[in-house]
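Spelled out, the chains give:
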Amino acid sequence: MKNEANFSRGLEGVIAAETKIGGIRESEGIYHYRYYNAVELNKKRSFEDVWFLMFRGHLPSEAERAEFTEGIFDVTLPEEVREVLPILARSGDTSYLNWMRSAISVLGAAYGCRPVTDASPEDMMRDAMRMVIAFPMILSSLYRLSQGKEPIPPRPDFSYAQNYLYMISGEPAEEKQNHAIERYLISTIDHGFNASTFTARVIASTGADIGAAVVGAIGALSGPLHGGAPSRALAMLDAIQTPDRAEAWITDAVEKGERIMGFGHRVYKVEDPRSKLLKEVAKGMEEPIVDLAIEVEEIATATLARLKPGRKLFTNVEYFGGVVMEGCGIPRDMFTPTFACSRTVGWLSHILEQAGDNRLFRPRSLYKGKELQPIPD
């Protein structure tokens, strides 16, 4: 009976570990990176500053920022990785996250990542830094190769956000696009013990190397219930077409038992603060889809309140996140992989923290099968 009392389906409400990386105040609509409000950080700091904060525990001084960013993109991928990328891009699979799992495995081996139980803190930090830098280089290379184009190396004078758009398109992006994608990337660095972050920590707790933990996190993110909805939220807008069709479309979908993509969240009972932030970012992009998205949001929220009384369904990060990425020219099948680029900083922050004060995750299961039976003769 004790086991049954402790049982929580999907680990709902279970506290599995302590962390200093960040947290969520679900009833207040607040999430934070370390000890700073993540939305306020987003408005005042660069991606590199927040990356520094997550890895080192404090915001950088000017000198620390210069040291952290110097030569950060004056790098090339290991030869073993460069050789495997065309093979992956020519495979029958068309999922960039599936390709990334294989590529990051090769990257970890090429870097000689050691089990976290054997690696020094300095070695793990070095490997974590290199993995964050390599991630957008690998992803953009896979995209271009799949399109029959040559990969574009990063520019040392560009920021992380600038380089990401540049390495995909081959041309420097407009300032408003660079600004928008940086805001998106900062907004999605970390968000509590979500499925992929928890997966990364579980793998790290076994003593596996950093590469293995990131590969596992990518696998968790590839599931449609975790990271696969931004493009489907835009597909909904495509189907609705004009605001006057929204109420009927939403009503029909709800009556059919279909999920309204981009609405609702497992944790928040109020509006997702990331959605509010990205809505403002989207407004500054002056793209045609933005007006449609805002009008549909208002109609859908009212319609869902009428059809599902008692449930508070607001837009989540995927709704306006998709709008922002579309405005930045990112292909829809690259939406979730783009999410993974920034979340890699969060994953690795948790992996480093887990390795620093480790205890193997070993929960128990609740057996619900038949009573033990005698073995037949």
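It should be noted that the structure appears before, not after, this text.
Everything quoted here is computed from the prediction, not taken from an experiment.

Draft legend 1. Spotlight on the layout of surface pockets. In this structure, the second largest pocket encloses a volume near 830 Å³. Surrounding the second largest pocket, 28 residues form its lining, V14, I15, A16, F361 and P363 being those nearest its centre. At the level of secondary structure, the elements contributing two or more residues to the lining of the second largest pocket comprise α1 (2-6), α10 (195-205) and α17 (335-356). Class assignment of the residues belonging to the lining of the second largest pocket gives a composition of 11 nonpolar, 8 polar and 9 charged.

Draft legend 2. Summary view of the packing of aromatic side chains. Counted according to the given criterion, the structure contains 16 aromatic pairs. With 6.1 Å between their ring centres and 75° between their planes, W51 and Y160 make a pair best called edge-to-face. You can see W51 sitting in helix α3 (residues 47-56) and its partner Y160 sitting in helix α8 (residues 160-169), a full 109 residues away along the chain. The class for W51 is buried, based on a relative accessible area of 0%. Above the plane of the ring of Y111 lies R130, whose end atom (NZ or CZ) is 4.0 Å from the centre.

Draft legend 3. Spatial organisation of empty space enclosed by the protein. The tally for this structure, following the rule as stated, stands at 1 cavity of 30 Å³ or more. When its volume is computed, the largest cavity comes out at roughly 50 Å³. Taken together, G264, H265, Y268, K269, V270, D272, K312, L313, F314, T315 and N316 make up the lining of the largest cavity. Split into classes, the residues belonging to the lining of the largest cavity amount to 4 nonpolar, 4 polar and 3 charged.

Draft legend 4. How the structure looks around the sheet that holds strand β2 (residues 30-33). Reading across the sheet, the 3 strands line up as β1-β2-β3 and stay open at both edges, with antiparallel pairing between neighbours. In this open sheet, the two edge strands, each paired with only one partner strand, are β1 (22-25) and β3 (36-37). Strand direction decides the pairing type here: β1 and β2, joined by 4 bridges, are antiparallel. Bridge pairing in β2 links G22 to Y33.

Draft legend 5. Structural view of the pattern of salt bridges. Scanning the entire structure with this criterion turns up 16 salt bridges. Because the salt bridges share partners, they merge into one network encompassing D123, R126, D127 and R130.

What counts and what doesn't
- Residues numbered from 1 in each chain as written.
- Predicted model: local features only at pLDDT ≥ 70, side-chain atom pairs only at ≥ 80, totals over all residues.
- Heavy atoms only, no water.
- 1 Å grid on protein atoms, 1.4 Å probe; cavity = no way out; pocket = protein on both sides within 12 Å on 5 of 7 lines; lining within 4 Å.
- Points joined across faces, edges and corners; volume = space filled by probe spheres on them.
- Helix = DSSP H or I, 4+ residues; strand = E, 2+ residues; numbered from the N terminus.
- Nonpolar A, V, L, I, M, F, W, Y, C, P; charged D, E, K, R; others polar.
- Phe/Tyr/Trp six-rings, centres within 6.5 Å; stacked < 30°, edge-to-face > 60°.
- Buried < 20%, exposed > 50% of the residue type's maximum accessible area, 1.4 Å probe, protein only.
- Lys NZ or Arg CZ within 6 Å of the ring centre and 35° of its normal.
- Pairing = 2+ DSSP bridges.
- Salt bridge = Lys/Arg side-chain N within 4 Å of Asp/Glu carboxyl O.

Don't take any of this as a statement about function, it's just geometry.
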